[in-house]
Amino acid sequence: LTRYGVDGGTANKLEQLARACIVSAKAFKLNLTQSVIVPAFNDDPHGAFGDMNNLQTTVAATGKILEEFMNDLASYDDPSCNARPLSDSVVMTIHGDTPKDPRDRSGWPDGTPNDSNWMYVMGNGYVKTGWHGGVKANGNTDVFDPTTGATVANGSAGDMTTYAGAAVAFAVAKGDMRRVEDFYTGPSIEGIVNVNVIQ
């Protein structure tokens, strides 16, 4: 806990995240599980930008927790591939039930332009880096073509969830598209994944 930055003054929500990461790393090392879902922060974020000191402390502490989690994974062999550390295999997604309006710091309200949503993915070389789609300052939303990765202006976010989920599945399956196709039947996702994995 000390290495993860947890002490007597650490907010409960951060301590819970640190403990979940510590236990997850050990469970992965012992091959007890290959998947962990961790709820985080379960608080009301609307006033986040009203207290910048607290926000910056929370962001820094979260970064420290995730850094130490990756350090732990780097020190363990991947039970499914002993030639590589777990840090080279872990896939991480961060998402929520409703993101906040990125154009309004005051109260950071619910509801996003065109009901868009987003997910942050660490795909360990299997998912192309960068931002696919996005919200513009004027409220318009861009989406992406999963086959080419090209931005599609003023699109609907509806199908993007399926494509993004398929990309995450590709990373979890360590680049095995055949396994992805057991669950996904849409267009090619080669525009958002690396078929030839970057090592």
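Check the entry above for the structure.
Residues numbered from 1 in each chain as written. Predicted model: local features only at pLDDT ≥ 70, side-chain atom pairs only at ≥ 80, totals over all residues. Heavy atoms only, no water.

Attention now goes to the overall build of the chain. When helices and strands are counted, the chain shows four helices and seven strands. Once the C-alpha set of the chain is aligned to its principal axes, its extents read approximately 50 × 50 × 25 Å. Burial statistics for the chain: of 199 residues in total, 30% are counted as buried. Nonlocal contacts in the chain, meaning residues at least 24 apart in sequence, comprise 53% of its contacts between residues at least 6 apart. Across the chain, 15 positive and 23 negative side-chain charges occur, with their mean positions spaced 5 Å apart. (Helix = DSSP H or I, 4+ residues; strand = E, 2+ residues; numbered from the N terminus. Buried < 20%, exposed > 50% of the residue type's maximum accessible area, 1.4 Å probe, protein only. Contact = heavy atoms within 4.5 Å. Lys, Arg positive; Asp, Glu negative; His and termini not counted. Charge placed at Lys NZ, Arg CZ, Asp CG, Glu CD.)

What follows is about the pattern of salt bridges. Counted according to the given criterion, the structure contains 10 salt bridges. Between Lys13 and Asp43 there is a salt bridge, with its nearest N and O atoms 2.6 Å apart. In this pair, Lys13 sits in helix α1 (residues 12–29) while Asp43 sits in the loop between α1 and α2 (52–74), placing the two residues 30 residues apart along the sequence. On the basis of relative accessible area, Lys13 is assigned to the partly exposed category, the value being 23%. For Glu15, the salt bridge is made with Arg19, and the minimal N-O distance between the two is 2.9 Å. (Salt bridge = Lys/Arg side-chain N within 4 Å of Asp/Glu carboxyl O.)

Relative to the assigned elements, Thr93 resides in strand β3 (residues 92–94). In the structure, Thr93 is positioned 75 residues away from Val168 in sequence and 8.0 Å away in space, judged by C-alpha atoms. Not counting the four nearest positions on each side in its chain, Thr93 is found in contact with Met119, Tyr120, Val121 and Val168. Polar side-chain contacts of Thr93 include one of 3.5 Å to the side chain of His95. (Polar contact = N/O pair within 3.5 Å; in protein donor to acceptor, adjacent residues only side chain to side chain.)

If you walk through the whole model with that rule in mind, you get four aromatic pairs. Ring centres of Tyr126 and Phe170 lie 6.2 Å apart, and the angle between their planes is 75°; on these two criteria the pair is classed as edge-to-face. Taken together, the positions of Tyr126 in the loop between β4 (120–122) and β5 (134–135) and Phe170 in helix α3 (residues 160–172) put the pair 44 residues apart, joining distant regions of the chain. Across this residue pair, the class does not change: Tyr126 and Phe170 are buried. Its guanidinium or amino end placed over the ring of Phe41, Lys13 lies 5.4 Å from that ring's centre, counting from NZ or CZ. (Phe/Tyr/Trp six-rings, centres within 6.5 Å; stacked < 30°, edge-to-face > 60°. Lys NZ or Arg CZ within 6 Å of the ring centre and 35° of its normal.)

Geometric descriptors of this kind do not, in isolation, establish any biological role.
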